[in-house]
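# Residue-level structural notes
Below, each chain spelled out in residue letters.
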Amino acid sequence: MSDRHEQWGHSHEVRRHEHGHGHGHGHPGSRHPLRHRISHLLTPHSHETADKIDAALESSARGMRALWVSLAVLGATALAQGVVVVASGSVALLGDTVHNTADALTAVPLGIAFVLGRRAATRRFTYGYGRAEDLAGIAIVLTIAASAAFAGWAAVERLLAPRPVAHLPAVAAAALIGFAGNEWVARHRIRVGRSIGSAALIADGLHARTDGFTSLAVLLGAGGSTLGWEQADPVVGLAITAAIVLVLRDAAREVFRRVLDAVDPVLVDRAEQALAAVPGVRAVGELRLRWIGHRLRAEVAVVVDGEATVRQAHAVAVDAEHALLHAVPRLTAALVHADPEPAPGEPDPHRRLAHHAPA
């Protein structure tokens, strides 16, 4: 039994970067339904290596464009607010300006991560540099935490030592500018981040939204001061600090899940369903998905006919890879391991590996 298993390859693997699109259609043993063949011919698509690299680079390019646009908008916002800070002496607006400046600067680590992500894999970094985005995401989460701490400290300090604010209409206008700029940047970053699958860019968008909340605190505080309530600004500032902490929780959860290789279970379900529908796949074994930056990679074991030849097993594995590439968004690489369907009384061919399994 072991000899037959060795005949067609216990360690048969298919890597997307080593197989072009035509690989999945010309092998003996490939059995596509007629409807799938017609649909396949009429649908423009390609899985050639150059096309896959271009798609990955385009994702990074979109991320970079989002960062540059955000940096420009927040830079202009901070500059406008800085002018009002000098004229009014508003400490609250000064804090908001600092927040906006810090938010603009978070584009630096994320931009570096996108640039690193374009580099090809090496013998040392065999998966490439995509995980640099996760490190950038951690830096952004820490920045949000620092912003929350600063906002809380400023609010408490102002509560203990109230002080009048000059040019309140100008302060209110600057606060509105700060909120509008941050909210626009937040929406843009989150939209692009979700589109390319970048958790770090989404976290950066959430960070921009926290600074928008801070701007609203300045606005409400200015309104309260206009009505004669000197403690309005610090009280609202404390409430906004609590809101920032909630956003921090969501951003941290998103980033640290990504660091721990978490994926949406819906993606796993879609992958399993796509594999089960592939002709020649008798069962779907262990399936793993992981993010590398804003790209997904899959590793899966499928059960095929134990009497299949090497070419037939290979064709089924390629078809399985092909199905995954269509079913799972942002999947750029798939490694497929083919296992023979066990015959009655046949021992488990993997038993020689049992002592290597983790305790």
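Below: a short report on this structure. As the structure is a prediction and not an experimental result, all values here were calculated from the model.

Our next topic: the overall build of the protein. Across its full length, the protein holds 11 helices and three strands. Element order for the protein, N to C, with α for helix and β for strand: α-α-α-α-α-α-α-α-α-α-β-β-α-β. Total accessible area on the protein stands at roughly 17,900 Å², and carbon and sulfur atoms take up 63% of it.

In this section: the sheet that holds strand β2 (residues 295-304). Read from one edge of the open sheet, three strands run β1-β2-β3, paired in mixed fashion. The open sheet terminates on both sides in strands that have one partner only, identified here as β1 (283-292) and β3 (331-340). Strand-to-strand twist in this sheet, taken as the mean axis angle between neighbours without regard to direction, amounts to 15°. Inspection of the sheet shows β2 paired to β3 by nine bridges, in the parallel sense. Residue R297 lies in a different strand from β3, and its bridge partner there is A333.

Here we take up the pairing of β3. For β3, the tally of buried residues reaches 10 of 10 residues, placing the bulk of the element in the interior. Considered for its hand, the β-α-β crossover made up of β2, helix α11 (residues 310-327) and β3 is right-handed.

With that out of the way, let us pick up unusual backbone geometry. In the Ramachandran plot, D261 falls in the positive-phi region, its phi being about 65° despite a non-glycine side chain. You can see D261 is positioned in the loop between α9 (232-259) and α10 (265-276). For D261, a relative accessible area of 28% corresponds to the partly exposed category. You will see that R330, though not glycine, has its phi angle at about 65°, which is positive. Tracing the backbone through its elements, the reader meets R330 in the loop between α11 and β3.

What follows concerns the packing of helix α7 (residues 168-196) against helix α8 (residues 199-226). One way to put it is that α7 packs onto α8 with a least axis distance of 7 Å and a crossing angle of 165°. One element, α7, and the other, α8, form an angle in the roughly antiparallel class. Crossing handedness for the pair α7 and α8: left-handed. Tallied by class, residues from the contact of α7 with α8 come to 19 nonpolar, eight polar and seven charged.

What counts, and at which threshold
Residues numbered from 1 in each chain as written. Predicted model: local features only at pLDDT ≥ 70, side-chain atom pairs only at ≥ 80, totals over all residues. Heavy atoms only, no water. Helix = DSSP H or I, 4+ residues; strand = E, 2+ residues; numbered from the N terminus. Areas by Shrake-Rupley, 256 points an atom, 1.4 Å probe, with all protein chains shown as cover. Pairing = 2+ DSSP bridges. Axes fitted to C-alpha atoms, helices over the stretch in contact; angles between N-to-C directions. Buried < 20%, exposed > 50% of the residue type's maximum accessible area, 1.4 Å probe, protein only. Right-handed = clockwise from strand over helix to strand, strands pointing away. Parallel < 35°, antiparallel > 145°, perpendicular 65-115°, else oblique. Left-handed = near helix turned anticlockwise from the far one by under 90°. Nonpolar A, V, L, I, M, F, W, Y, C, P; charged D, E, K, R; others polar.

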